[in-house]
Amino acid sequence: MIRTALATISALLALASPAAAADDFIASPTLRASVTVTSDVVRVGDLIDNAGSAALVPVYRSPDLGTTGALPVAQVLSVLRAKQVIGVMTGDIKEVQVTRLARTLASKDLENAVASALERRFGLGDAANIAVTFDRGVTEMRLDASNSGAMQPVATRYDARSGRFDLAFEIANDNNPTPTKLRFSGTAIEMVEVAVLTRDIDRADTLKSSDVALERRPKAEVTGEPASRERSVGMQLRRAMRAGTPLRAADIVKPDFVVRDQAVTVIFQAPGLYLTTRGKAIESGAEGDTVSVLNLQSKRTLTGVVTGRGQVTIQGASQSAPMVPAVEQTSSLKRDKAPAPVDTAALLRNLVQAPASPAQIAEAQIPQARVSQAQAKSE
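None of the values given here were measured: they were computed from a predicted structure. Residue numbers here run from 1 along each chain, matching the order of that chain's written sequence. Local features in this predicted model are restricted to residues of pLDDT 70 or higher, and side-chain atom pairs are both shown and tallied only at a pLDDT of 80 or more, whereas totals for entire chains, interfaces and linings draw on every residue. Note that the side-chain values use all heavy atoms of the structure and ignore hydrogens as well as water.

Concerning the overall build of the protein
Helix and strand definitions here come from DSSP, where helices need a minimum of 4 consecutive H or I residues and strands a minimum of 2 consecutive E residues; each element is numbered from the N-terminal end. Within the protein, the secondary structure is distributed over eight helices and 23 strands. Pairs at least 24 residues apart make up 55% of the contacts formed inside the protein by residues separated by at least 6 positions. Exposure was quantified through the Shrake-Rupley algorithm and a 1.4 Å probe, taking into account, for residues, occlusion by the shown protein chains and nothing else. Of the accessible surface of the protein, which amounts to about 22700 Å², a share of 53% is contributed by carbon and sulfur atoms. Contacts were defined at the residue level, with two residues in contact if any of their heavy atoms lie within 4.5 Å.

Notes on the pattern of salt bridges
Salt bridges are defined as contacts in which a side-chain nitrogen from Lys or Arg sits within 4 Å of a carboxyl oxygen from Asp or Glu. Evaluated as defined, the whole model comprises 19 salt bridges. The salt bridge involving Arg-120 is made with Asp-126; its shortest N-O contact spans 2.4 Å. Assessed through its relative accessible area of 29%, Asp-126 is described here as partly exposed. Across the salt bridge formed by Glu-221 and Arg-217, the nearest N and O atoms sit 3.7 Å from each other. Relative accessibility thresholds used throughout: buried, under 20% of the residue-type maximum; exposed, over 50%; partly exposed, between the two (1.4 Å probe, protein chains only).

Notes on the packing of aromatic side chains
For Phe, Tyr and Trp, rings pair up if their centres lie within 6.5 Å, where Trp contributes its six-membered ring, and each pair is then called stacked (planes under 30 degrees apart), edge-to-face (over 60) or tilted (otherwise). Within this structure, the stated rule accounts for four aromatic pairs. Here the aromatic rings of Phe-134 and Phe-165 are separated by 6.3 Å at their centres, their planes lie at 80°, and the arrangement is edge-to-face. Taken as a pair, Phe-134 in strand E9 (residues 130–134) and Phe-165 in strand E12 (residues 164–173) lie far apart in primary sequence, 31 residues in all. Grouping residues by exposure puts Phe-134 and Phe-165 together as buried.

Digging into the environment of Lys-280
Secondary-structure assignment places Lys-280 in strand E19 (residues 273–281). Expressed as a C-alpha distance, the spacing of Lys-280 and Val-258, which sit 22 residues apart in the sequence, is 9.7 Å. Ignoring anything within four residues of it in the chain, the contact list for Lys-280 reads Asp-261, Gln-262, Val-264, Val-293, Leu-294 and Leu-296.

Quick look at helix H4 (residues 107–118)
What a helix should span is 1.5 Å times the count of its residues minus one. Helix length check: H4 (12 residues) gives 17 Å between terminal C-alpha atoms against 16 Å at 1.5 Å per residue, within 8%. Residues Leu-110, Ala-113, Val-114, Ala-115, Ala-117 and Leu-118 constitute the buried set of H4. Contacts from the buried residues of H4 go to strand E8 (102–106), E9, strand E10 (140–144), strand E11 (152–159), E12 and strand E13 (176–197). The positive-phi residue at the C-terminal boundary of H4 is Arg-120, with phi of around 55°.

Remarks on the environment of Val-291
Mapped onto the elements, Val-291 comes out in strand E21 (residues 290–295). Spatially, the C-alpha atom of Val-291 lies 9.9 Å from that of Thr-313, the residues being 22 residues apart in sequence. Beyond its immediate sequence surroundings of up to four residues, Val-291 is in contact with Glu-283, Ser-284, Gly-285, Leu-302, Thr-303, Gly-304, Val-306 and Val-312.

What to know about the sheet that holds strand E23 (residues 311–315)
Taken together, five strands build a closed barrel; the order of strands is E18-E19-E21-E22-E23 and the barrel is mixed. Across the sheet, the axes of successive neighbouring strands diverge by a mean angle of 50°, strand direction being ignored. Inspection of the sheet shows strand E22 (residues 301–308) paired to E23 by three bridges, in the antiparallel sense. What sits directly across from Val-306, in E23, is Val-312. Here the rule is simple: two strands pair whenever DSSP picks up at least two bridges between them. Lines fitted to C-alpha atoms define the axes, with helix axes restricted to the stretch in contact, and inter-axis angles between N-to-C directions lie between 0 and 180 degrees.

Some points on the pairing of E23
As judged from the five bridges shared by strand E18 (residues 263–270) and E23, these two strands associate in the parallel manner. By the bridge assignment for E23, Ile-267 is matched with Thr-313. If you look at the hairpin formed by E22 and E23, you'll find two residues sitting between the two strands, and Gly-310 has a positive phi there, around 65°.

Structure representation (structure tokens):
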């Protein structure tokens, strides 16, 4: 009977021993090789697993925001023993890496926040066109990782004349009901993209692609509508301008196809008639402009439209204009009376000398009609 009882107790002890050993293994504090923290102190629970009641005990000051520090294992164990934490399993760990998490606000993020707070206010335009410069040359800002909220502007001051701003922001904090406050000051200026001359340009020069570059300039420097690069290439300036000057839409004009005192080709066009002669431009003009030219043969001043480089066209009247029938004009001719000779050269000079009216065209055609009618009667 006693032997049976002892055997039973031995069996129970044998079953209980592995379970107790397992419980002791799980409960053993174990050192971590890598640690991340969000607060300004490192606690026992950050360094080891299974810290128990000592988990919240602070042991080290955290590294700077967004940085990583290294702690030798011997030093860690010494500090833990001082906090009554013993029996820590270290394995083959030589040092512990401690990283402090942070929220990093890059300078671009801060600039965008300021520009968004000023967008379409105080006479400014879109945030994308507002250039922000901080007084203290802010490169980036690191906040505790608990500051997870968006930057909300709560106070805004701006001087449109100087471009100075003073803005206050708040960021919600997960660990604190009081939001984190930030304040920035500096200058904010609206910029525009404008075509800028890369070299000195004379009035008569035609702008080439290499003469114009795109730059962002303060809007205050460009009065009026800024000229685009695409619109500027191939055009001329209203006046000579220096390199680096921003171009406005009012500064550019279509290139002159005819220049004052230039020898030009004068074209007279009418239905069924096309004549050319030489002339001299009295004034400059671009394509489509109306200019005056001097007929070098007759010394008369004509008015026409610039239709090409060195070319002025004078349009005659339409042939559809009513004309007196040639037969009625010649019905009084007698068979024995010879028609007057036609001066063809004079006729052509008269046509070129000035835009012909329907009556002039009729007169120019009458002599030829008389000759034809007289020949018909004589036959």
